[in-house]
Amino acid sequence: MGRRAKYFTLEEKWQLLVDIRNHICSQNSKIVRQAQNARAYTKHHSRHGPHTTLKDLHNPLPSSILQFANLPLPNSYLFRQLLNGSDLIDVSDLSQWDKAPPYNSLPPPDSPEEQRFTPESL
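Residues numbered from 1 in each chain as written. Predicted model: local features only at pLDDT ≥ 70, side-chain atom pairs only at ≥ 80, totals over all residues. Heavy atoms only, no water.

Moving on: the overall build of the protein chain. Along the backbone of the protein chain there are six helices and zero strands. The order of α-helices and β-strands along the protein chain, N terminus first, is α-α-α-α-α-α. When each of the 122 residues of the protein chain is scored for burial, the buried share is 3%. A total of about 12200 Å² of accessible surface is found on the protein chain, and carbon and sulfur atoms cover 60% of it. (Helix = DSSP H or I, 4+ residues; strand = E, 2+ residues; numbered from the N terminus. Buried < 20%, exposed > 50% of the residue type's maximum accessible area, 1.4 Å probe, protein only. Areas by Shrake-Rupley, 256 points an atom, 1.4 Å probe, with all protein chains shown as cover.)

Take the packing of helix 1 (residues 10-25) against helix 2 (residues 27-45) next. Describing two packed helices takes the angle between their axes plus the distance from one axis to the other. One way to put it is that helix 1 packs onto helix 2 with a least axis distance of 5 Å and a crossing angle of 55°. By the criterion of interaxial angle, the relationship of helix 1 to helix 2 is oblique. The segment helix 1 lies against helix 2, with H23, I24 and C25 engaging Q27, S29, K30 and R33. Residues that form the contact of helix 1 with helix 2 fall into these classes: two nonpolar, three polar and two charged. (Axes fitted to C-alpha atoms, helices over the stretch in contact; angles between N-to-C directions. Parallel < 35°, antiparallel > 145°, perpendicular 65-115°, else oblique. Contact = heavy atoms within 4.5 Å. Nonpolar A, V, L, I, M, F, W, Y, C, P; charged D, E, K, R; others polar.)

Now for a nonpolar patch on the surface. A surface patch of nonpolar side chains, amounting to about 490 Å² of accessible area, comprises L10, W14, L17, I20 and I24. Relative to the helices and strands, I24 is located in helix 1. Judged by relative accessible area, I24 falls into the partly exposed class, the value being 44%. (Patch = residues over 30% accessible without salt bridge, like charges linked within 9 Å, V, L, I, M, F, W, Y side chains within 5 Å. Salt bridge = Lys/Arg side-chain N within 4 Å of Asp/Glu carboxyl O.)

Structural data, given as structure tokens:
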């Protein structure tokens, strides 16, 4: 009760190894692997929220972050709209940031509403 032989001669076995090596080193295989690696990198590094580890949980937060956390919440129109539900916020243009740089974005319009919003967001 053993395994059935796949290769009956040593030359057949060596020829298979040469074929595998040639396939792995071929230009088409390199392109396929690069595309697969790029997809995996994008999936792993895309916007899914912060990644915390046990080490992060045991480190105390810096005092500047604690002071910032104690500030009162903003009372802007955009914040209230987001607080009522994330479906009300237009996020259609956020997907542009998932692509590689350079980012093509239009400058903000010079309107009184935009000038009022800018200081509130800083």
